[in-house]
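Listed below, chain by chain, are the residues.
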Amino acid sequence: MMLGLVRPVILLPGREMEPEQLDVVLRHELVHLRRRDVAYKALLLLTNAVHWFNPLVWLAWVLAMRDMESSCDEAA
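Residues numbered from 1 in each chain as written. Predicted model: local features only at pLDDT ≥ 70, side-chain atom pairs only at ≥ 80, totals over all residues. Heavy atoms only, no water.

Draft legend 1. Structural context of the overall build of the chain. Summing up its helical and strand segments, the chain has three helices and two strands in all. Helices (α) and strands (β) of the chain occur, in sequence order from the N terminus, as β-β-α-α-α. Principal-axis analysis of the C-alpha atoms gives the chain an extent of 45 × 25 × 25 Å. Per-residue burial for the chain yields a buried fraction of 17% across its 76 residues. The contacts of the chain with a sequence gap of at least 6 include a subset with a gap of at least 24, amounting to 53%. For the chain, the exposed area adds up to about 5900 Å²; of that, 66% sits on carbon and sulfur atoms. One way to put it: in the chain the 8 positive side-chain charges average out to a point 8 Å from where the 10 negative ones average out. (Helix = DSSP H or I, 4+ residues; strand = E, 2+ residues; numbered from the N terminus. Buried < 20%, exposed > 50% of the residue type's maximum accessible area, 1.4 Å probe, protein only. Contact = heavy atoms within 4.5 Å. Areas by Shrake-Rupley, 256 points an atom, 1.4 Å probe, with all protein chains shown as cover. Lys, Arg positive; Asp, Glu negative; His and termini not counted. Charge placed at Lys NZ, Arg CZ, Asp CG, Glu CD.)

Shown next, in the form of structure tokens:
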């Protein structure tokens, strides 16, 4: 998981991982970093907070998160 808008950091689970699995996880998170997905997620969160009553904004949030994750999976 990546957190941080100004100085992003990657958080890893506290358990041991196989080297191949760790490689894929890090590549996935680095794609998020390269694409500035944290900034896009912050913008979507702000939009969702302002328009919390609008079901289309919720749908846009869900679809954007799904597309962001699947495109990073494909790139990794």
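Draft legend 2. Summary view of the pattern of salt bridges. Under the criterion given, the structure shown has three salt bridges. As a salt-bridge pair, E69 and K41 come within 3.6 Å of each other at their nearest N and O atoms. Here the residue E69 occupies a position in helix α3 (residues 55–75), and K41 occupies one in helix α2 (residues 37–50), the gap between them amounting to 28 residues. K41 sits in the partly exposed class, given a relative accessible area of 28%. In this structure, R66 and D67 form a salt bridge, with 3.3 Å as the shortest nitrogen-oxygen distance. (Salt bridge = Lys/Arg side-chain N within 4 Å of Asp/Glu carboxyl O.)

Draft legend 3. Spatial organisation of the confidence of the model for the chain. Overall, the prediction assigns the chain a mean pLDDT of 92, with 100% of residues at 70 or greater. Averaged over each element, pLDDT in the chain is lowest for strand β1 (residues 2–3) (90) and highest for α3 (94). (pLDDT = per-residue confidence, 0-100.)

Draft legend 4. Looking closely at the packing of aromatic side chains. Counting across every chain of the model gives one aromatic pair. Aromatic side chains W52 and F53 sit 5.8 Å apart centroid to centroid with 85° between the ring planes, which places their arrangement in the edge-to-face category. (Phe/Tyr/Trp six-rings, centres within 6.5 Å; stacked < 30°, edge-to-face > 60°.)

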